[in-house]
Amino acid sequence: MWIIKTEHKRDADGGTAALELETDDKRFDVNIRWDGCAEIHVYSITEENREINDTFHTCDLKGFIDLLQSLNTVCKDYFGEGSYWEDSHDVEFV
């Protein structure tokens, strides 16, 4: 699902400082750093072009993911069966 476009190395020890990634469908790209900071770009894909719709910046990616997962839980509880939020729409990522 994620393609690593560029890996940025630290000069001091040669470790990875940042990654530039893109989804294989080109709907998302991410610049992510070793310290948890990330800039996430969301695109709209049309026959004519690829346009950026939104950008999210966070220095607590794990906290952002937790927040979105808790939002998903609330939506499941309130909308439930027959809605987009129904458990049958859950996707398991490997």
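Every chain is numbered independently, its residues counted from 1 as its sequence is written. With pLDDT at 70 or above as the cut-off, local features in this predicted model cover only qualifying residues; side-chain atom pairs require 80 or more to be listed or tallied, and sums for whole chains, interfaces and linings still use all residues. Just so you know, side-chain values use all the structure's heavy atoms and leave hydrogens and water out.

Moving on: helix 1 (residues 61-79). Under the 1.5 Å per step criterion, the end-to-end length of helix 1 is 27 Å for 19 residues, consistent within 8% with the ideal 27 Å. Put simply, DSSP marks the helices as runs of H or I at least four residues long and the strands as runs of E at least two long, and each gets a number from the N terminus on. Gly80 sits one or two positions beyond helix 1 and adopts a positive phi of about 55 degrees. What a helix should span is 1.5 Å times the count of its residues minus one.

Let's shift gears to the sheet that holds strand 3 (residues 28-33). Sheets are built from strands paired through backbone hydrogen bonds, the pairs being either parallel or antiparallel. Two strands qualify as a pair provided DSSP detects at least 2 bridges between them. Strands sit in the order 1-2-3-4-5 across an open sheet of five strands; the sheet is antiparallel. Of all the strands in the sheet, just strand 1 (2-9) and strand 5 (50-58) have a single pairing partner and so form its edges. Sheet twist, expressed as the average angle between the axes of neighbouring strands with direction ignored, equals 15 degrees. Comment: axis = line fitted to C-alpha atoms, over the contacting stretch for helices; angle = value between 0 and 180 degrees taken between N-to-C directions.

Patches here are clusters of residues that have more than 30% relative accessible area and form no salt bridge, with a 9 Å joining cutoff for like charges and a 5 Å cutoff for nonpolar side chains (Val, Leu, Ile, Met, Phe, Trp, Tyr). Under the convention used here, a 1.4 Å probe and the Shrake-Rupley method define accessible areas, while residue burial counts only the protein chains that appear. What makes a salt bridge here is a side-chain nitrogen of Lys or Arg within 4 Å of a carboxyl oxygen of Asp or Glu, nothing more. A cluster of nonpolar side chains, namely Met1, Trp2 and Phe28, defines an oily patch on the protein surface of about 320 Å² accessible area. Secondary-structure assignment places Trp2 in strand 1. Note on classification: 1.4 Å probe, protein chains only; a residue is buried when its accessible area is under 20% of the maximum for its type, exposed when over 50%, partly exposed between these limits. Taking the relative accessible area as the measure of exposure, Trp2 reaches 42% and is therefore partly exposed.

Attention now goes to the environment of Arg50. Its place among the elements puts Arg50 in strand 5. Given a relative accessible area of 32%, Arg50 falls into the partly exposed group. Sequence spacing of Arg50 and Lys5 is 45 residues, and the spatial spacing of their C-alpha atoms is 17 Å. Two N or O atoms count as a polar contact when they lie within 3.5 Å, although within protein this holds only if one can serve as hydrogen donor and the other as acceptor, and sequence-adjacent residues are included solely when both atoms are side-chain atoms. Within the structure, Arg50 has its side chain in polar contact with the side chain of Glu22 (distance 3.2 Å).

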